[in-house]
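These are the residues of each chain, in order.
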Amino acid sequence: MKKDHCLHRQTKLLLLLIACFLFAIPFSYAQNATLAVSGRVVDSKNVPITGATVVVEGAKNGTATDANGAFKINVPQGAVLHITAIGYQEFKVKVESDKSVTVTMKEDEAKLMNDVVVVGYGTQKRSDVTGAVVSVPKARLSELPVTNVYQAIQGSVAGLNISAASSVPGSTPSVGVRGQNSVTASSEPFVVVDGVPLTKTGGSINDINPNDIASVEFLKDASAVAIYGVNGSNGVMLITTKRGATGKAQIRYSGYYGTESIAHILKPREGAAYVQKWKDYNAQSGLTPQYDVPNIAELPYYNQGKTTDWMDVITRQGIIQDHNLSISGGNKDVKYYISGDYLDEKGPLYGYNYKRASIRSNLDINITDYLTVGTSFFLANNNYDGGRVNMLNGSAMSPYAQVTDANGIYIIYPMYAELLYTNPMLPQYTDQVNRSTNVTGNGYLELKIPGKLKGLKYRLNASYTYLPTLQGSYVGRMANDLNGTASKTNTQTKSYIVENILTYTKDFGKSHIDFTGLYSAQQKLFDSTRAGAVGFINDQLSFNNLGAGATQTSASFASQYRINSQMARINYSYDSRYMITGTVRRDGSSVIGANADKYGSFPSVGLGWNISNEQFMKGIKAINLLKLRASYGKTGNEAIGPYSTITKDKLARYPFNGLAYTGVVADNLGNSKLHWESTKGLNLGVDFSLVNNRIGGSIDVYHTKTDGIILSRNIPVMTGFTSVYDNIGKVDNKGIEVTLNTKNIATSNFRWESTITFTRNKNKWVDIYGDGKNDVGNKWFIGQPVFAIYDYQMTGIWQEGEDPSKQDPSAKPGFIKFADLNHDGKITADSDRVVQGQTAPKWYGGFYNTFHYKDFHLSIFFQTVQGVTKNDNDLNYVDESGRRNTPQEVGYWTSANKSQDFPALTTAANNARRGYAYPRDASYTRLKDITLSYTVPQRLVDKMKLGGLTAYISGRNLYTWTKWIGWDPENNVSLRGTGTDGTLGSWTNNYPTIRSFVFGLNVSLK
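Residues numbered from 1 in each chain as written. Predicted model: local features only at pLDDT ≥ 70, side-chain atom pairs only at ≥ 80, totals over all residues. Heavy atoms only, no water.

1. Concerning the overall build of the protein
The helix and strand tally for the protein stands at 10 helices and 46 strands. For the protein, the spread of C-alpha atoms along the three principal axes comes to 100 × 70 × 65 Å. Expressed as a percentage of the 1006 residues in the protein, the buried residues total 51%. Pairs at least 24 residues apart make up 69% of the contacts formed inside the protein by residues separated by at least 6 positions. With an accessible surface of roughly 44,200 Å², the protein has 56% of that area assigned to carbon and sulfur atoms. (Helix = DSSP H or I, 4+ residues; strand = E, 2+ residues; numbered from the N terminus. Buried < 20%, exposed > 50% of the residue type's maximum accessible area, 1.4 Å probe, protein only. Contact = heavy atoms within 4.5 Å. Areas by Shrake-Rupley, 256 points an atom, 1.4 Å probe, with all protein chains shown as cover.)

Structural data, given as structure tokens:
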């Protein structure tokens, strides 16, 4: 009967694998056992231990615990189970009956220090690491309503600045590691998944399902990142996905369902306040209004006393849900992990949607005792379709404007005869398609050399990525385009990488040495084709027949990128006390100038001293771990794309003799000597654990200098060009990072633990163009942050009775009062503007608390970002304040209220603003998330015939403390008319921070 049951189980699994077009894994778990024993493995805090190995002593059969710490195994009566897990003392238990057993394992601090950590092209014992390598807390990788791993770890890792300029579903936050090292290059870290780069393949962090992630490490200092050479200047993020383990098949489901809403609504003025603003505007402007409201289309509702809540019109109940199913298992020779995931997010603003369907298959096969092969395959389909409502237009609408006509059709100009603002719902009448698919296949071969060369290993990694995208758009009559405008863009990215890795590990006496050598080649091919048309006789064909348009346009582009690399690294440790790491990497890139050395070398060295392992420390019981680290090295950055170093022309149409001809004109001047940006960095660190491991953590201080920064240098117009890229800038970063872990309370039933992170970074220009001069136009100043806020200094509002003649002679009551910094009796751009702050935070941190009471677990996470200054576009309505609705929180000056914060409504007051952008303090502290979970006791789970069950509720972006006036201090809100392409950063795509609540389940089957 048991054999039939196992056969039926194998058949179902096989059919599922074939249906997913994945690998069929043969396995058999038929056991001649007398007892079917189930149990659960937990630590001293009753937290489940995932991946613990459970084997029958003296036999070959075994299994591994699942995500809930549960296991089930068939054993002979009287057998002894041998249970092991990394970082814990071994445990043995004799089995006399088939009753469920609960095993509590004790932490082994010696083993924790011998735990391995991913460091790039391999692993190292944590105790032997000399660089700044930090592991992301695993608790941040689950039970949170996020669409990518960046969102999950925001604020929880020291030295990692993650900010979401927009919360558009499917968007990815911006990420910076240890300050700004470049101007033209991205600040994103280099992302590596299972040893193979994701960055530079065209892929996105959204392509990696967070449920598939087993661990995340960040490499931050030069010693750690130099192994990635030109890719390491912004740090390296190493993602390891889940893989199979020896034991019976583990079937797991994890999913959540919840709601989304706007965390803070910047409410527009309601009826009475809107009418009063109109009256005040006319009174200040010396005008006599024809109506009590600005426009004739507002009169019907005004006369009837009706109003429209436009924030309610453009918003809906947001929904987010995610469902993940995985199967993993194997035997000593074949191990597999297969998962499928579906994510669906409908944002609280109409038309903002994100769907992702993904599958992953990880396979490891031991062909022989010395040859192992494996694959990692994943497919991710991202869908961003939807006609997105215009939030800025929604906030501008009059409360007396009507949404639809008598037929239920959206009115194009709700505030007619005002033609500046169209109905924010019009994009719902458009066709918008935006999709991408990432198909990536990785394979490896690992050969262990036996005999006298034991410890020598060769590994071949190969990866291929195919990433097609589709964007389609049609705007027709109902969306205020009387001609009909359509476009369609197809792109495809094909990339491959091949890596040859040779490693050698040897222990002799108290010494340990390991060597890693690398030769790799990578290529990326990109091409795009865009076609557009205008002038359709109707809207029926959308963007599916561009030839039906009266006027067609087309464009195409293709590029190729290549890089070859060689690397060598040597790690040496003596008696786990003294460590040294030496690394050198050599990269050759196709984007570097033809007359420059296309190859750059990037060396580093790291030193470590485990003081706590010294004999003289043995008697100091209060110190469990004390380790010093120091490193120095050099990394690089290409900072430019393909063909940026060559001189290019562009096509131009010109008339001649009554006909149109095509010619070429100068486009950009190349610089064949353009070379790498290079960063040299020093890092000093200490790792510690004190008072019986109740207090632990790390402190790092660093100093990096980047030179050869690529900037656009102005050149004489007589050359036919106005600028050229050159290696001329220098930037400096200094900082400190602190991570503190504490065990505040630890009893048999209750525990409270905390993690505190703190990061402070000081960034400044050392030189810009090599002449010691500032660039006022770009707001770059030597000695100041790279991205500084430079503006007039507002000191208040001019009031009636005040005399501005000796400070700002043209000022009138209601105008902004600016400081006359040079005391010359006038306000000028050259003399009265000053650096007021920086867009990057001066410091940021996180405070993470976990509380455990029996089977209940509560986590609370606070995030803080301080010292940020941003231009507040929610205060800046230029000359439109009298024509549109404005937020209740944004006031205006009148002779009665004598406001010192907001100017008058008049056009004259706006013109006197001199382009002032309202820089304000954007610091904030946020209750980022709270999660409450309950792990069902194993005895109850067994009765339900399950392997494990955990239920949880989680809330995210719950409350924010800030002085900021606007939607959210973290978001960037664009002014009307800026960036009209509909992408992130354009005014048509403003999107605020979202609050979410979800209920989730983690279930494992027996």
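2. Quick word on the packing of aromatic side chains
Aromatic rings considered in pairs are described by the distance between their centres and by the relative angle of their planes. Scanning the model with the defined rule gives 25 aromatic pairs in all. Consider the rings of F190 and Y228, whose centres lie 5.9 Å apart with planes at 50°: the pair is tilted. Residue F190 is located in strand β13 (residues 190-193), and its partner Y228 is located in the loop between α4 (222-225) and β16 (236-241); the two are separated by 38 residues in the primary sequence. Pair check on accessibility: F190 and Y228 agree, each one buried. Through a chain of ring-to-ring contacts, three or more aromatic side chains come together here, namely Y792, F818, Y916 and Y918. Seen from the ring of Y599, R586 lies directly overhead, with NZ or CZ sitting 4.0 Å from the centre. Seen from the ring of W964, K870 lies directly overhead, with NZ or CZ sitting 5.7 Å from the centre. (Phe/Tyr/Trp six-rings, centres within 6.5 Å; stacked < 30°, edge-to-face > 60°. Lys NZ or Arg CZ within 6 Å of the ring centre and 35° of its normal.)

3. Notes on the side chain of K627
Residue placement: K627 occurs in strand β29 (residues 623-637). Of the side chains with opposite charge, D687 comes closest to the buried, unpaired K627, at an N-O distance of 4.3 Å. Non-local contacts of K627, meaning those with residues more than four positions away in its chain, are made with R126, S127, D128, V129, M579, W609, N610, I611, G685, V686 and D687. (Lys, Arg positive; Asp, Glu negative; His and termini not counted. Salt bridge = Lys/Arg side-chain N within 4 Å of Asp/Glu carboxyl O.)

4. Concerning the pattern of salt bridges
Counting across every chain of the model gives 27 salt bridges. K200 serves as the salt-bridge partner of E638, at 2.6 Å between the closest nitrogen and oxygen. Remark: K200 occurs in the loop between β14 (196-197) and β15 (213-219) and E638 occurs in the loop between β29 and β30 (648-656); sequence separation between them is 438 residues. E638 gets classed as buried once you look at its relative accessible area, which sits at 6%. Of the charged contacts in the structure, one is a salt bridge between R956 and D929, with a shortest N-O distance of 3.6 Å. One end of the pair, R956, is in strand β45 (residues 946-962); the other, D929, is in strand β44 (residues 924-935), and 27 residues separate them in sequence. On the basis of relative accessible area, R956 is assigned to the buried category, the value being 6%.

5. Some details on the UniProt feature "domain: TonB-dependent receptor plug" (unreviewed entry) in the protein
UniProt records the feature "domain: TonB-dependent receptor plug" (unreviewed entry) at residues 126-236, using the numbering of this structure. The span residues 126-236 shows a helical share of 8% and a strand share of 23%, and its end C-alpha atoms are spaced 17 Å apart. (UniProt positions renumbered as here; feature names shortened; annotations may be inferred.)

6. Observations regarding the nonpolar core
Among the nonpolar cores identified, the biggest contains 28 residues, and I314, L349 and W967 are the most heavily contacted of them. Counting residues per element, this core draws most heavily on helix α7 (residues 310-314), which supplies 4 residues. Not counting residues within four places of it along the chain, the set of residues in contact with I314 comprises P348, L349, Y350, V389, M391, G394, P424 and M425. Counting residues in hydrophobic clusters, the runner-up holds 25 residues, among them V149, V175, M237 and I239. (Core = buried A, V, L, I, M, F, W, Y, C linked by side-chain atoms within 4.5 Å.)

7. Points about helix α5 (residues 271-285)
Here α5 spans 21 Å end to end across 15 residues, near enough to the 21 Å set by a 1.5 Å rise per residue. Listed as buried for α5 are G271, Y274, V275, K277, W278, D280, Y281 and N282. At the C-terminal side of α5, G286 shows a positive phi close to 70°. (Expected span 1.5 Å × (residues − 1).)

8. Points about the confidence of the model for the protein
In the predicted model, the protein carries a mean pLDDT of 89, and the fraction of residues at 70 or more is 94%. Here helix α1 (residues 2-19) stands out as the element of the protein with the lowest mean pLDDT, 41, in contrast to α7, whose mean of 97 is the highest. A low-confidence stretch, residues 1-33 stays under pLDDT 50, and its non-local contacts, those more than four residues away or across chains, total 45 contacts. (pLDDT = per-residue confidence, 0-100.)

9. A few points about a positive patch on the surface
Together, K705, K734, R760, K762, K764 and K842 make up a positively charged patch on the protein surface. In terms of residue count, the dominant contributor to the positive patch is strand β35 (residues 750-767) (3 residues). Locating K762 in the fold gives a position in strand β35. (Patch = residues over 30% accessible without salt bridge, like charges linked within 9 Å, V, L, I, M, F, W, Y side chains within 5 Å. Charge placed at Lys NZ, Arg CZ, Asp CG, Glu CD.)

10. A closer look at the sheet that holds β16
Pairing within the open sheet is mixed, and its 5 strands lie in the order β10-β15-β16-β13-β14. Every other strand in the sheet has two partners, leaving β10 (133-135) and β14 as the edge strands with one partner each. (Pairing = 2+ DSSP bridges.)

11. Side note on the pairing of strand β21 (residues 371-383)
Of the pairings in the sheet, the one linking strand β20 (residues 353-366) to β21 comprises 12 bridges and is antiparallel in character. Of the residues in β21, the one forming a bridge with I359 is L379. When β21 meets strand β22 (residues 431-449), the two strands line up antiparallel, connected through 13 bridges. In the sheet register, L371 faces β22, and the bridge partner there is L447.

12. So, the environment of Y892
Locating Y892 in the fold gives a position in the loop between β42 (869-871) and α9 (907-911). Once the C-alpha coordinates of Y892 and I449 are considered, the two residues, 443 residues apart in sequence, prove to be 78 Å apart. With sequence-adjacent residues up to four places away left out, Y892 is seen in contact with R269, Q276, K277, D280, Q284, N897, S899, F902, P903 and L905. There is a polar contact of 2.6 Å between the side chain of Y892 and the side chain of D280. (Polar contact = N/O pair within 3.5 Å; in protein donor to acceptor, adjacent residues only side chain to side chain.)

13. Regarding the environment of W780
With respect to the helices and strands, the residue W780 is situated in the loop between β35 and β36 (788-792). Residue W780 is classed as buried on the basis of its relative accessible area of 10%. For the pair W780 and K452, spaced 328 residues apart in the sequence, the C-alpha separation amounts to 61 Å. With residues up to four places along the chain from it excluded, the contact list for W780 reads V183, L711, W765, I768, Y769, N774, D775 and V786.

14. Some remarks on the side chain of D700
Relative to the helices and strands, D700 is located in strand β33 (residues 695-714). By relative accessible area, which is 5% here, D700 ends up buried. Side-chain polar atoms of D700 contact the side chain of N683, separated by 2.8 Å.

15. Thoughts on the sheet that holds strand β4 (residues 70-75)
Strand order across the open sheet formed by 3 strands is β4-β1-β7, with mixed pairing between neighbours. Both outer strands of the open sheet, β4 and β7 (101-105), are each paired with one neighbouring strand and no more. Looking at each pair of strands side by side, their axes are set apart by 30° on average, direction ignored. Of the strand pairs in this sheet, strand β1 (residues 35-43) and β4 are connected by 6 bridges, and their pairing is antiparallel. Looking across to β4, one finds that L35 is bridged to V75. (Axes fitted to C-alpha atoms, helices over the stretch in contact; angles between N-to-C directions.)

16. Let's talk about the environment of K705
Along the chain, K705 falls in strand β33. Residues K705 and A555, spaced 150 residues apart in sequence, show a C-alpha to C-alpha distance of 41 Å. Other than its neighbours up to four places away in sequence, K705 contacts S678, T679, K680, V731 and D732.

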